[in-house]
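Each chain, written out:
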Amino acid sequence: MLELDRVSTGYGRVRALDTVSLTLGAGHTLAVLGPNGAGKSTLLKLVAGLQAPWSGTLKLDGSADLSPLDVTARVHRGIVLCPEGRRIFTTLSVEENLCIGGTALLARPGGAQRMREGLERAYSLFPILAERRHGPGSALSGGQQQMLAIARALMAEPRLLLLDEPSLGLSPVMADEVYATLAALKAEGMTLIVVEEAAGRPLGLADTAMILRNGRTVWRGAAAAARDPDLLQRAYLGDHAA
Amino acid sequence: MNLLQLGVDGLATGSVYMMLALGISLVFSVMRLVNFAYGMIIVWFGFMLHVLWGTGLPYWLCVLGALAGTVLLSIVLARAIFMPFVGAPPATLLLASFGVAIVLQSVAVVLFGEPARPVQTPQILLTSIDTGWFRISVLQLLSLALGLTMLVGLEFLIGRTRIGMEIRATAESPEVARLMAVRSDRVLTFVFALSGLIAGLVALVWFAQSGSVTARGDLAPTLKAFVAVVIGGLGTIRGAVLGGLVLGFLETAMSGLLVGALSGFQQTFVFALVILILLLRPEGLLGKATGGMR
């Protein structure tokens, strides 16, 4: 579904990603791991269209070149980013957050109907959001805000969902709940890229994994193989640490 | 001084200042633009009304035409000049708006010259009604009605409609709104159109009061709008209402209290009070805006 070929990018003159390649098949889940500042978020921004590549190519569905498409156009193609730190609209109600998430639907035939169905689906997936639907987003707990952020991203009916540190700042119980939801989405056939610093939960979910350090891919392979603590330690800290 | 009369006059003047403040605050809430060209948009309404009146059209058609022209001017300025600066530092936006004000003013000077041009107003607006307790002009009634309608309309538009929701989302976090496929260009264009409409409506009252327009007449409305939003707080409806009313009542009270030699210092006293308010509440009486005029 998604193919990156030797993509580099950065901020100003600082390189954040150096010739990174990846292939992700439809229905598969990729875990992107690595220490802070490795370029994980930049990779997601690149795919979502928030960050332009310096070199290399991004392709969707084998042929379509993503580079000329802006963020909005990519949402319409089914690429939706659930940003780091949840970033829900605190001044909007829970339901309004979801309706903003479904903006892309309004441009399609039967948009209003699909918006209603999306809301129903979000509320059945996260009953707590139904209870709080008219309350402000700011009144939710951290875990509930993460639920809302995921539900809001789902409103756009993504084919490829990009999640930036979905368990960051959550209690272990809440983080498990978030990953149970992601597992359910994967079971429905959705393609996911999950970025995390902590490797445990994403490796349990993903089919494949890649580990970034200083903008370079230091390891790529099956998720099951990445669960080796020695491998993780070397990949995160560099070879001299082993 | 009749207290009731002071209340009525203060409320009517405050209503005008509130409308001025709403137009500026609305644009600020979505793109952090402090628009110093706002007063020139108001002045241009005056010139459009002046020119249209010269064609012999009925008054209400002239007003509609000038309103449409003002909305169009605001949209053109937004799309051609302000929107390319989205995300720029506030100082850059501020300077851009100064540039726009200077250009609009120069064009007005070239086309209409420096002397004042008459802006016709139907006699009915200038008649006064004496209720026995206080006097109120039809123009003051119109200001109050316009202000109230605008308030209710904006509250509904921002709080209850789809575009209002997108405005609030864009105001709180433009980049996340963009991630959700919200077309920020459409939201901003709509907000500028709305701000232009508000400018036109308030200009209608403004020039009916003075009866004439000059190319350099933008300072007074711009200044009143800014003082009002500074008192109440930028970027919220409440802030514009409170700031506009406080400024209206202050001015009215000053003109009633200051007699004799002091009567020429009305503005001095008003600004001294504004400085005092800001010393005590640097972020305005109501504090910081949270987003989207709420």
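All of these numbers come straight from a predicted model, not from anything done at the bench. (Residues numbered from 1 in each chain as written. Chains lettered and ligands numbered in written order. Predicted model: local features only at pLDDT ≥ 70, side-chain atom pairs only at ≥ 80, totals over all residues. Heavy atoms only, no water.)

**Comments concerning the side chain of Thr181 of chain A**
Going by this rule: In DSSP terms, a helix is any run of H or I states spanning at least four residues, a strand is any run of E spanning at least two, and both are numbered starting from the N terminus. By definition in these notes, contact holds between two residues if any of their heavy atoms fall within 4.5 Å.
Relative to the assigned elements, Thr181 of chain A resides in helix H7 (residues 172–187). Excluding its chain neighbours within four sequence positions, the residues that come into contact with Thr181 of chain A are Leu125 and Phe126 of chain A.

**Things to note about the packing of aromatic side chains**
Residues and elements named next belong to chain B. Operational definition: Aromatic pairing here means that ring centres of Phe, Tyr or Trp (its six-membered ring) are within 6.5 Å. Orientation follows from the plane angle: under 30 degrees is stacked, over 60 is edge-to-face, and everything else is tilted. Think of it in three bands: residues with accessible area under 20% of the maximum for their type are buried, residues over 50% are exposed, and the middle band is partly exposed, with areas taken using a 1.4 Å probe on protein chains only.
In the structure shown here, the tally under the stated rule is seven aromatic pairs over all chains. Aromatic pair Trp44 and Phe112: ring centres 5.9 Å apart, planes at 70°, arrangement edge-to-face. Remark: Phe112 occurs in helix H4 (residues 90–112) and Trp44 occurs in helix H2 (residues 38–54); sequence separation between them is 68 residues. Like Trp44, the residue Phe112 is buried in the burial classification. Pairing Phe82 with Phe192 gives two aromatic rings, centres 5.7 Å apart and planes at 10°, and the pair type is stacked. Of this pair, Phe82 sits in helix H3 (residues 59–82) while Phe192 is found in helix H9 (residues 184–210), placing the two residues 110 residues apart along the sequence. For the pair Phe82 and Phe192, a shared accessibility class is recorded, and that class is buried. Through a chain of ring-to-ring contacts, the aromatic side chains of Phe36, Phe98 and Phe226 assemble into a single cluster.

**Side note on the sheet that holds strand S10 (residues 216–222) of chain A**
Residues and elements named next belong to chain A. Defined as follows: Strands are treated as partners if at least two bridges between them are detected by DSSP. Every axis in this analysis is a line fitted to C-alpha atoms, fitted for helices over the stretch in contact. Angles between the N-to-C directions lie between 0 and 180 degrees.
Overall, mixed pairing links the six strands, which are arranged S6-S7-S8-S3-S9-S10 in an open sheet. In the strand order of this sheet, the two ends are held by strand S6 (79–82) and S10, each with one partner. Shown here is a sheet whose adjacent strand axes are inclined to one another by a mean of 15°, direction ignored. Taken together, the four bridges between strand S3 (residues 29–33) and strand S9 (residues 208–213) define a ladder with parallel strand orientation.

Purely spatial values, then, with no claim about function.
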